[in-house]
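This is what each chain is made of:
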Amino acid sequence: MPFSSNYELSDEEKVKAQAILRKLHDRTKLGIDNGKGPFYAEIYDEHYNFIVGAPNSVVETQCALNHAEMNTLKLAFDKYKNYNLAPYNLTLFVNAEPCIMCLGAIMWSGVNKIVFSVPSSEVERITGFDEGFKPNWFEEMKKRNIKACGGIDEEYGKKILQYYVDIGKTIYKPAH
């Protein structure tokens with residue numbers, strides 16, 4: 001059962017989401033082992049066909065904008081040659097709840113649904129990343145007809161985030 005949502009997955013959707021998120025967690029670990037950050041996102045169409053996917057590349061590129069969701073959305077915009085992804089009925093799958101920056105980008109992208117694994121409270125507890133101030137984001141997405149559901153395959157996702165920390169990878173958080 002998701003920890004929080006504005007949308008309840010059907011049993012069929014849940015099975016497919018769990019399989020996709022398990023794969024995302026495995027790709028996240030592979031990315032970590034190859035210099036990427038601890039987040040990975042993919043976009044699928046309404047029939048669960050893979051469209052695009054990308055890891056977090058903040059440390060690698062030295063650009064704080066290069067979160068997995070942002071990188072994945074950029075690839076989708078390039079693929080469809082359209083700033084509005086709504087006509088394609090796409091779902092963004094992410095191994096962790098999107099941060100405040102990514103939520104803004106998702107909201108304006110036209111993606112119709114977000115499905116994620118580890119909630120921000122756990123991301124922050126495990127890694128120390130600052131996920132930003134996100135009051136009522138589920139309701140804000142719902143107002144815009146964007147479905148959101150989280151907490152899928154959370155335990156495995158937390159293990160991958162802990163792995164990132166345990167091997168001494170960079171926790172990028174600007175000091176103000």
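Note that the coordinates shown come from a computational prediction; the quantities given were computed from them, not determined experimentally. (Residues numbered from 1 in each chain as written. Predicted model: local features only at pLDDT ≥ 70, side-chain atom pairs only at ≥ 80, totals over all residues. Heavy atoms only, no water.)

Engineer: Outline the overall build of the protein chain, listing residues and values.
Structural biologist: For the protein chain, the count of helices and strands is seven helices and five strands. In the protein chain, the succession of α and β elements from N to C terminus is α-β-β-α-α-β-α-β-α-α-β-α. In terms of overall dimensions, the protein chain is globule-like: its C-alpha atoms have a radius of gyration of 15 Å, near the 16 Å expected for 176 residues. Here the C-alpha coordinates of the protein chain stretch approximately 40 × 35 × 30 Å along the principal axes. A buried classification covers 51% of the 176 residues belonging to the protein chain. Pairs at least 24 apart in sequence give 66% of the contacts found in the protein chain among residues at least 6 apart. Carbon and sulfur atoms form 53% of the exposed surface of the protein chain, whose accessible area is close to 8700 Å². With 21 positive and 23 negative side-chain charges, the protein chain shows a separation of 3 Å between the mean positions of the two kinds. (Helix = DSSP H or I, 4+ residues; strand = E, 2+ residues; numbered from the N terminus. Rg over C-alpha atoms; globule rule 2.2 N^0.38 Å. Buried < 20%, exposed > 50% of the residue type's maximum accessible area, 1.4 Å probe, protein only. Contact = heavy atoms within 4.5 Å. Areas by Shrake-Rupley, 256 points an atom, 1.4 Å probe, with all protein chains shown as cover. Lys, Arg positive; Asp, Glu negative; His and termini not counted. Charge placed at Lys NZ, Arg CZ, Asp CG, Glu CD.)

Engineer: Can you explain helix 4 (residues 100–109)? Please cite residues and give values.
Structural biologist: Burial in helix 4 covers these residues: Cys102, Leu103, Gly104, Ile106, Met107 and Ser109. As for helix 4, its buried residues are in contact with helix 3 (68–80), strand 3 (91–96), strand 4 (113–118) and helix 6 (137–143). Looking one or two residues past helix 4, Gly110 carries a phi angle of roughly 95°, positive in sign.

Engineer: Break down the side chain of Thr127 for me, citing the residues and quoting the values.
Structural biologist: Within the secondary structure, Thr127 sits in helix 5 (residues 120–127). Overall, Thr127 belongs to the buried group, its relative accessible area being 7%. Here the side chain of Thr127 touches Phe129 through a polar contact of 3.1 Å, landing on its backbone nitrogen. Not counting residues up to four positions away in its chain, the partners in contact with Thr127 are Leu161, Val165 and Ile171. (Polar contact = N/O pair within 3.5 Å; in protein donor to acceptor, adjacent residues only side chain to side chain.)

Engineer: Which residues make up unusual backbone geometry, and what values go with them?
Structural biologist: Located in the positive-phi region is Tyr48, a residue other than glycine, with phi close to 65°. Here Tyr48 is to be found in the loop between strand 1 (40–44) and strand 2 (50–55). Here Asn89, not a glycine, exhibits a phi torsion of approximately 50°, which is positive. Locating Asn89 in the fold gives a position in the loop between helix 3 and strand 3. Here Asn89 falls in the partly exposed class, since its relative accessible area comes to 30%.

Engineer: Give a description of the nonpolar core that names residues and reports values.
Structural biologist: If you look at the biggest cluster of nonpolar residues, it comprises 34 residues, and the most contacted ones within it are Phe39, Ile43, Leu92, Ile114, Val123, Trp137 and Met141. With residues near it in sequence (within four places) discarded, Trp137 still touches Glu97, Leu103, Ile114, Phe116 and Ala148. Judged by nonpolar contacts, the second largest core, of 12 residues, contains Leu21, Tyr40, Val115 and Ile152. (Core = buried A, V, L, I, M, F, W, Y, C linked by side-chain atoms within 4.5 Å.)

Engineer: Break down the layout of surface pockets for me, citing the residues and quoting the values.
Structural biologist: The calculated volume of the largest pocket comes to roughly 490 Å³. Together, 25 residues line the largest pocket, and Ala64, His67, Phe129, Asp130 and Tyr172 are the ones closest to its centre. When residues of the lining of the largest pocket are traced back to their parent elements, those giving at least two are helix 2 (58–61), helix 3, strand 3 and helix 4. (1 Å grid on protein atoms, 1.4 Å probe; cavity = no way out; pocket = protein on both sides within 12 Å on 5 of 7 lines; lining within 4 Å. Points joined across faces, edges and corners; volume = space filled by probe spheres on them.)

Engineer: Break down the packing of helix 5 against helix 7 (residues 154–166) for me, citing the residues and quoting the values.
Structural biologist: Put simply, helix 5 and helix 7 touch, their axes get as near as 9 Å, and they point 30° apart. Classed by the angle they form, the pair helix 5 and helix 7 counts as roughly parallel. Crossing hand, helix 5 versus helix 7: right-handed. Counting all contacts with helix 5, which are made through Glu122, Val123, Arg125, Ile126 and Thr127, the residues of helix 7 involved are Glu154, Lys158, Leu161, Gln162 and Val165. Counted by class, the contact of helix 5 with helix 7 contains four nonpolar, two polar and four charged residues. (Axes fitted to C-alpha atoms, helices over the stretch in contact; angles between N-to-C directions. Parallel < 35°, antiparallel > 145°, perpendicular 65-115°, else oblique. Left-handed = near helix turned anticlockwise from the far one by under 90°. Nonpolar A, V, L, I, M, F, W, Y, C, P; charged D, E, K, R; others polar.)

Engineer: So, the pairing of strand 2: which residues are in play, and what are the values?
Structural biologist: As paired strands, strand 1 and strand 2 are joined by five bridges and run antiparallel to one another. Across the sheet, residue Tyr40 finds its bridge partner in strand 2, namely Pro55. Once strand 1 ends, the chain turns through five residues before running back antiparallel as strand 2, passing Tyr48 with a positive phi of about 65°. (Pairing = 2+ DSSP bridges.)

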